[in-house]
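Residue strings, one per chain:
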Amino acid sequence: MSAPTACLIAIYPGSFDPITNGHLDLIARASRLVGRLEVAVLRNEAKQPLFSVEERIEMLHEVLQPYPNVEVGSFEGLLVDYAAERGANMVVRGIRAISDYEYELQMALMNRRLRPEIETAFLMASEAYSFVSSKMVKEVCSLGGNISGLVPPSIEGRLKNALKLYKLHRV
Ligand code: PNS
C-alpha cells in the first residue's frame, strides 16, 4: 500500500449510535488514504439516540486507539462548516448498497453547493458488513439475537447494558 496523501484531511461524520464493525472497517481503510481522519459525531438529540454523544465519543476513542492518524470529535450545525473549521478538505462516507446512494448523493450535492472546496469521497463497504447498520444491530440485540462480529467486542457489552437500562426505564 502506498503512503497516505498527507495533504488530505478528511472528516467521517455520522451518528455512530453505536460504532459497528462496518464503520470500523471504513475508518481503517480511509485512514490509509489520508493524512488525518476525524470521526465526527453529530450532536442531534432529535434522533433519540441510545447513547449520549459523550458515551459515543468514549466508545470511539476506545476502539480507534490503534489508528494514530484518526481523531474523534463532535459537531452540531452544518457538516461542511465544521469540516472547514477543522481544516478538512474531504468528507468520507460509506455506501453499503444502492439504497444508500440516493440519500448520500443528495447530501454530497448539497454539501458541494454549500462549500465547493470540500470534496465528498465514497468508500464501498466491505461485503461482510454491507448489511450492518447501528439501527439493525440495536434491534437484533434488544430482541436477544447474536450480534458478535457485527460490533467490536467492547461495544457489545456496552450495548447489552444500555438496552437493559433502556427497557427498565421504559416500564
Ligand atoms: O450516520 P448518519 O446518521 O447517516 O449521518 C448523517 C450525517 C451526520 C452525515 C448528516 O445528518 C449530517 O451531515 N448532518 C449535519 C447537518 C448538515 O450538514 N446538513 C446539510 C447537508 S445534508
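Residues numbered from 1 in each chain as written. Predicted model: local features only at pLDDT ≥ 70, side-chain atom pairs only at ≥ 80, totals over all residues. Heavy atoms only, no water.

Q: Explain the overall build of the chain to me, please; I cannot follow it from the model alone.
A: A count of helices and strands for the chain gives six helices and five strands. In sequence order, the secondary structure elements of the chain are arranged as β-α-β-α-β-α-β-α-β-α-α. Whereas a compact globule of 171 residues would reach a radius of gyration of roughly 16 Å, the chain reaches 16 Å, a difference of no more than 12%. Burial status across the chain gives 42% buried among its 171 residues. Considering only contacts in the chain between residues 6 or more positions apart, those separated by 24 or more positions represent 76%. (Helix = DSSP H or I, 4+ residues; strand = E, 2+ residues; numbered from the N terminus. Rg over C-alpha atoms; globule rule 2.2 N^0.38 Å. Buried < 20%, exposed > 50% of the residue type's maximum accessible area, 1.4 Å probe, protein only. Contact = heavy atoms within 4.5 Å.)

Q: Before we go on, may I ask you to explain the packing of helix H5 (residues 134–142) against helix H6 (residues 153–170) in this structure?
A: Packed helix pairs are characterised by how far apart their axes lie and by the angle those axes make with each other. It is the contact of H5 with H6, at a shortest axis distance of 10 Å, that shows an interaxial angle of 70 degrees. The angle between H5 and H6 falls in the class roughly perpendicular. When the axes of H5 and H6 are compared, the crossing they make is right-handed. Between H5 and H6, the residues in contact are Val-137, Lys-138, Cys-141 and Ser-142 and Leu-159, Lys-160, Leu-163 and Lys-167, respectively. Grouping the constituent residues of the contact of H5 with H6 by class yields four nonpolar, one polar and three charged. (Axes fitted to C-alpha atoms, helices over the stretch in contact; angles between N-to-C directions. Parallel < 35°, antiparallel > 145°, perpendicular 65-115°, else oblique. Left-handed = near helix turned anticlockwise from the far one by under 90°. Nonpolar A, V, L, I, M, F, W, Y, C, P; charged D, E, K, R; others polar.)

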